[in-house]
Structure formats: structure tokens, C-alpha cells
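# Coordinate analysis (summary)
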Amino acid sequence: MATYLPARVTRVRHWSDKLFSFSTTREPSLRYENGQFLMVALDVDGRRVARAYSIASANHADELEFYSIKIPGGPLTSRLQAIRAGDTVLLSAKPTGTLVLRDLRPGRRLFLLATGTGFAPFASLIRDPEIYERFESIVVVRGARHVRDLAYGDAIIEQLGADEHLGELARAQLVDYPVVTREPFRHEGRITTLIDSGRLFSDLGIAPLDPVNDRVMICGGMGMLKDLRALLDGRGFRLSPGIGEPGDYVIERAFVGA
Ligand SMILES: Cc1cc2nc3c(=O)[nH]c(=O)nc-3n(C[C@H](O)[C@H](O)[C@H](O)COP(=O)(O)OP(=O)(O)OC[C@H]3O[C@@H](n4cnc5c(N)ncnc54)[C@H](O)[C@@H]3O)c2cc1C
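The rules behind the values
- Residues numbered from 1 in each chain as written.
- Predicted model: local features only at pLDDT ≥ 70, side-chain atom pairs only at ≥ 80, totals over all residues.
- Helix = DSSP H or I, 4+ residues; strand = E, 2+ residues; numbered from the N terminus.
- Rg over C-alpha atoms; globule rule 2.2 N^0.38 Å.
- Buried ≥ 20, exposed ≤ 12 C-beta atoms within 10 Å, placed from the backbone.
- Contact = placed C-beta atoms within 7 Å.
- Core = buried A, V, L, I, M, F, W, Y, C linked by C-beta atoms within 7 Å.
- Domains from an automatic or database assignment.
- Pairing = 2+ DSSP bridges.
- Axes fitted to C-alpha atoms, helices over the stretch in contact; angles between N-to-C directions.

## A look at the overall build of the protein
For the protein, the helix and strand inventory stands at eight helices and eleven strands. The C-alpha atoms of the protein give 18 Å as radius of gyration, which agrees with the globular expectation for 258 residues (18 Å, within 12%). Summarising its shape, the C-alpha atoms of the protein cover approximately 55 × 40 × 35 Å along the three principal directions. The buried share of the protein, reckoned over its 258 residues, is 40%. Taking the contacts inside the protein whose residues are at least 6 apart along the sequence as the reference set, 71% of them involve residues at least 24 apart.

Right under this line is the structure:
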């Protein structure tokens, strides 16, 4: 069984009726690669309820940050959403995951494609100085159903642009493309459709995807992963076969279903 360590909640922010984020203390012994996930758990009536969570903070930060859905009746999140600063949550001691920079072959542009809370690992990666050394430009495509669901990502990207260490790099190299499916917005539609139609690239005034120069990380629901994998495979991109084996793109299954 996984080892869990207690962490104290230091801050909770509710972004909408469906989404919140929280920060916790970090054990000095906890080491992770940006993009990895660990298990967040609560003990409920004598039983441990544990779920995978991407770490949204960069690994140079003193505290850990997580970005969470609120599922009505969800075994973990129906309780987790009630946490307050000063409460304790349990965190697994060994982060893991496949959304890591070292499993991407060298390239010039990096596309980070996320839907919903799939943005969480990218909140970590875009706050990692290494990403700006390895890639000339980083295009963040973050999809949500409603405009209000983009608020956490908006805040992270705004803070990053104002950051005294990374701000200049982010302003020069990071391209933000928020997209909404269920109400009018400046970018509307599914990520797969926007890539397939070329709309994403014409909106941004950049060249279409090509497997020689571009690398891709994908995090979202199963349907989105399946569609984007088919699209990339069809264009000659090679999926990283596993941890430690670089490819043109990497994926993480951020949540089952949806
Ligand atoms: C590798 C990995 C990383 C993950 N990282 C995150 C994360 O950073 N933030 C996060 O909120 N969740 C994340 N999840 C999902 C998370 O593990 C839980 O499923 C989620 O917290 C809901 O827990 P629950 O017990 O309340 O409901 P569950 O019983 O786990 O889920 C009930 C149903 O809700 C839907 N669902 C679950 N999670 C989501 C979600 N995030 N977005 C939309 N629909 C969902 C699915 O249809 C699921 O079948 C991740 C999952 C995996 C496998």
C-alpha cells in the first residue's frame, strides 16, 4: 500500500461552483518532476478515499498546489471541496506520471493541450524555467465548457507574466489560447476541431503542426485523448512508449470518463 504523509492546507480558492484550488505544506523530502501526479486522500468513516491529482505547483515552490473538480456525490471531492486553511489532507509520498519534459524529443515549439482540470500539470510545467530553455515557444491550449471555468488558468498565466524571474520569458515565449465549447467566446469549439480545421494556427498566425519541429503534451478526458491521439498519429507524431522513452508527444489520463 502507498505511504501517505499528512500535509496542512494553507489556502483554498473557489473559482466556480465546479472548480477550486488548494495549497498545502510540502515535506522537504518530497521531490517531483513538473507534470507528475500524486494521490490526495482523506480518511472518511475509517476508510481512506484516495484519488490521483496532478501537482499544479512547480517543483521549485515551497508549497504544493492542486486544482480540483467538484463532483456532486463524488467520494473524494464532495468532501475535499469543504477543506479550509488549517485542515489536514493526506498525500502519497511518491509522485509519478508520464507528462514530463524528459520524455519529449528535442523540438522548437511545445503545444500543451488541456481540457478542464487537465490544465493542472501544465500550471506546473509553464512555471518551470526549463521549458523556456528547451522550446522557443510554448502554446497553451486550454479548453473548458464555460468561460467561468477558465478563471484558474487565467490567473496562473497572468501571475506568470508578472513574475519577477519568469515573467520576461513567459511574455516572450508563452502563447495562451483559451477555448470554450458551450457559450460564445473569442475562441469556440473543441480542441481537435480547431487543430484539424487549422483555425488554431490561423488565429495565432503560426505554422500548422509538424512532427519535425513540434512536440505535444495532452491532458484531459478519455474522449479528448483518443481524438487527439488519432489526429497526431495521423500526422506522423510518435507517442512516447513509456516513462524514460522519448517521443514526439506524451499523454496523461487526467480523469476517467467525461
Ligand atoms: C493521473 C490522474 C491525474 C488527475 N489529476 C486531477 C487533477 O489535477 N484535478 C482533478 O480535479 N482531478 C484529477 N484527476 C481525477 C481525480 O483522480 C478524481 O477522479 C476526481 O478528483 C474526482 O474524485 P471523486 O472521488 O469525487 O469522484 P470519482 O468517483 O473519482 O469520479 C466520478 C466521475 O466524475 C468524473 N470526473 C472525475 N474527475 C474529473 C475531472 N477532474 N474533471 C471532470 N470530470 C471528472 C468522471 O466521469 C468520473 O467517473 C486525475 C486523475 C488521474 C488518473
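Back to the text.
## What about the nonpolar core?
Within soluble globular proteins, side chains that are nonpolar generally end up buried alongside one another. Phe66, Leu112, Leu113, Phe122, Ile138 and Val141 are the most contacted members of the largest nonpolar core, which has 65 residues in total. Here this core spans two domains, and each of domain 1 (4-92) and domain 2 (101-253) adds at least three residues to it.

## Here we look at the sheet that holds strand E9 (residues 174-180)
With parallel pairing, the five strands of this open sheet are ordered in space as E9-E8-E7-E10-E11. Strands with a single pairing partner mark the edges of an open sheet, and in this sheet they are E9 and strand E11 (249-253). Put simply, the sheet's adjacent strands are angled 10° from each other on average, direction ignored. Pairing geometry for strand E7 (residues 109-115) and strand E10 (residues 214-220), over six bridges, is parallel. Along E10, the bridge assignment pairs alanine 114 with cysteine 219.

## What about the sheet that holds strand E3 (residues 37-44)?
An order of E4-E3-E6-E1-E2-E5 is seen for the six strands of this open sheet, with the pairing classed as antiparallel. The strands lining the two open edges of the sheet, one partner per strand, are strand E4 (47-54) and strand E5 (64-69). Taking each pair of neighbouring strands and ignoring which way they run, the sheet shows an average axis angle of 40°. In this sheet, strand E6 (residues 88-92) lies alongside strand E1 (residues 4-14) in antiparallel orientation, the contact comprising five bridges. Note that in E6 the partner of leucine 5 across the bridge is leucine 91.

## Concerning the domain arrangement of the protein
You can read the domains of the protein as domain 1 (4-92) and domain 2 (101-253). Each of domain 1 and domain 2 has a C-alpha centre, and these two points are 23 Å apart. Contacts between domain 1 and domain 2 engage 16 residues on the former and 14 residues on the latter. Going through the elements one at a time, strand E2 (19-24) and E5 are the ones with two or more residues in the side of domain 1 that touches domain 2.

## Brief notes about unusual backbone geometry
Despite not being glycine, aspartate 45 shows a phi value in the positive range, around 50°. Judged by local crowding, aspartate 45 falls into the exposed class, with 5 C-beta atoms found within 10 Å.

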